Amino acid sequence: MNNKMNNNAAQTALGSTPHQKDLRRGRVSQSNQIYHITTATLNRTPIFKVFQHARDLTMQIKASDDMGYTNTLAFVIMPDHIHWLFQLNQIKSLSKTVQSLKSLSSRAIGQSIWQAGYYDHATRKEEDIQTIARYIIANPVRAGLVKRVGDYPHWDAIWL
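Residues numbered from 1 in each chain as written. Predicted model: local features only at pLDDT ≥ 70, side-chain atom pairs only at ≥ 80, totals over all residues. Heavy atoms only, no water.

Focus on the overall build of the protein chain
In step 1: The number of helices and strands found in the protein chain is six helices and five strands.
In step 2: Reading the protein chain from its N terminus to its C terminus gives the helix and strand order α-α-β-α-β-β-α-β-α-α-β.
In step 3: Looking at the protein chain as a whole, 41% of its 160 residues are labelled buried.
In step 4: Contacts spanning at least 24 positions in sequence make up 67% of the contacts within the protein chain whose residues lie at least 6 apart.
In step 5: Accessible area of the protein chain: about 9200 Å², with a carbon and sulfur share of 53%. (Helix = DSSP H or I, 4+ residues; strand = E, 2+ residues; numbered from the N terminus. Buried < 20%, exposed > 50% of the residue type's maximum accessible area, 1.4 Å probe, protein only. Contact = heavy atoms within 4.5 Å. Areas by Shrake-Rupley, 256 points an atom, 1.4 Å probe, with all protein chains shown as cover.)

See below:
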């Protein structure tokens, strides 16, 4: 067990986490598919507690839409992670889209901020997209950061 813990610590120190490759197994990138991705900051550092850093990330999400990579449906920027619901367009793959967001936001902030990998969920036809969006934007309330969604500054949804 001690050896397993040491291997996990070594993997984390090298920028990967145990079972990271399992996150990619079965990942499919489909144009026009709606995805919910979640990705965390390096060591879960609350970098987005800094208002300007959260604004920089917001600008990168909007730039992804402007460049035609995505159609953002909803997002919330938490202090140490992001939830992003979007429809993927045909220009870039899912992994390239997320990689681009991470790279450009790190450059805008001026430091490496993201842990390797991300979680993704391709929505199914029977899922209610607005319910997923409500879940995403309610994260600050569930985390106890605010009492009402409207009191949190770092989120958006197309249904407003």
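So that's the structure; there's more coming.
Considering the sheet that holds strand β3 (residues 81-88)
In step 1: Read across the open sheet, the five strands follow the order β4-β1-β3-β2-β5; overall the sheet is antiparallel. Where the open sheet ends on each side, the last strands, each with one partner, are β4 (119-122) and β5 (155-157). For this sheet, the mean angle separating the axes of adjacent strands, direction not counted, is 20°.
In step 2: Direction of pairing for strand β1 (residues 34-40) relative to β3: antiparallel, over a ladder of seven bridges. Paired with Ile 34 across the two strands is Gln 87, which belongs to β3. (Pairing = 2+ DSSP bridges. Axes fitted to C-alpha atoms, helices over the stretch in contact; angles between N-to-C directions.)

Describing helix α5 (residues 129-137)
In step 1: Looking at α5, one finds that the buried residues are Ile 129, Ile 132, Ala 133, Ile 136 and Ile 137. Within α5, the buried residues cover an arc of 125° as seen down the axis, which keeps them to one side.
In step 2: Tucked inside the fold, the buried residues of α5 contact β1, β2 (70-77), β3, α6 (139-142) and β5.
In step 3: In this structure Asp 128 caps α5, since a side-chain oxygen of it lies 3.2 Å from the backbone nitrogen of Gln 130. (Arc of directions from axis to C-beta. Polar contact = N/O pair within 3.5 Å; in protein donor to acceptor, adjacent residues only side chain to side chain.)

So, the pairing of β3
In step 1: The element β3 is largely enclosed, with a buried count of seven among its eight residues.
In step 2: Bridging between β2 and β3 involves seven bridges; their strand directions are antiparallel. In the strand pairing of β3, Phe 75 is matched with Trp 84.
In step 3: The turn linking β2 back onto β3 is made up of three residues.

Quick word on unusual backbone geometry
In step 1: We note that Asn 43 has phi near 55°; this positive angle belongs to a residue other than glycine.
In step 2: Look at Arg 44: it is not a glycine, yet its phi comes out positive at around 55°.
In step 3: Assignment of secondary structure puts Arg 44 in the loop between β1 and α3 (51-66).

Examining the pattern of salt bridges
In step 1: All told, the structure shown has four salt bridges when counted by the stated rule.
In step 2: The partner of Lys 62 in a salt bridge is Asp 156, with the nearest N and O atoms 3.2 Å apart. Taken as a pair, Lys 62 in helix α3 and Asp 156 in strand β5 lie far apart in primary sequence, 94 residues in all.
In step 3: Under the relative-accessibility criterion, Lys 62 is labelled partly exposed at 34%.
In step 4: Classification of Asp 156 by relative accessible area gives partly exposed; the value is 28%.
In step 5: Arg 124 is paired through a salt bridge with Glu 126; the nearest N and O atoms lie 3.3 Å apart.
In step 6: What makes Arg 124 partly exposed here is its relative accessible area of 46%. (Salt bridge = Lys/Arg side-chain N within 4 Å of Asp/Glu carboxyl O.)

Overview of the environment of Leu 85
In step 1: In this fold, Leu 85 is placed in strand β3.
In step 2: Between the alpha carbons of Leu 85 and His 36 there is a distance of 4.4 Å; along the sequence they are 49 residues apart.
In step 3: Those residues within four positions of Leu 85 in sequence are excluded, and the remaining contacts are Ile 34, Tyr 35, His 36, Thr 72, Leu 73, Ala 74, Thr 123, Ile 129, Ile 132, Ala 133 and Ile 136.

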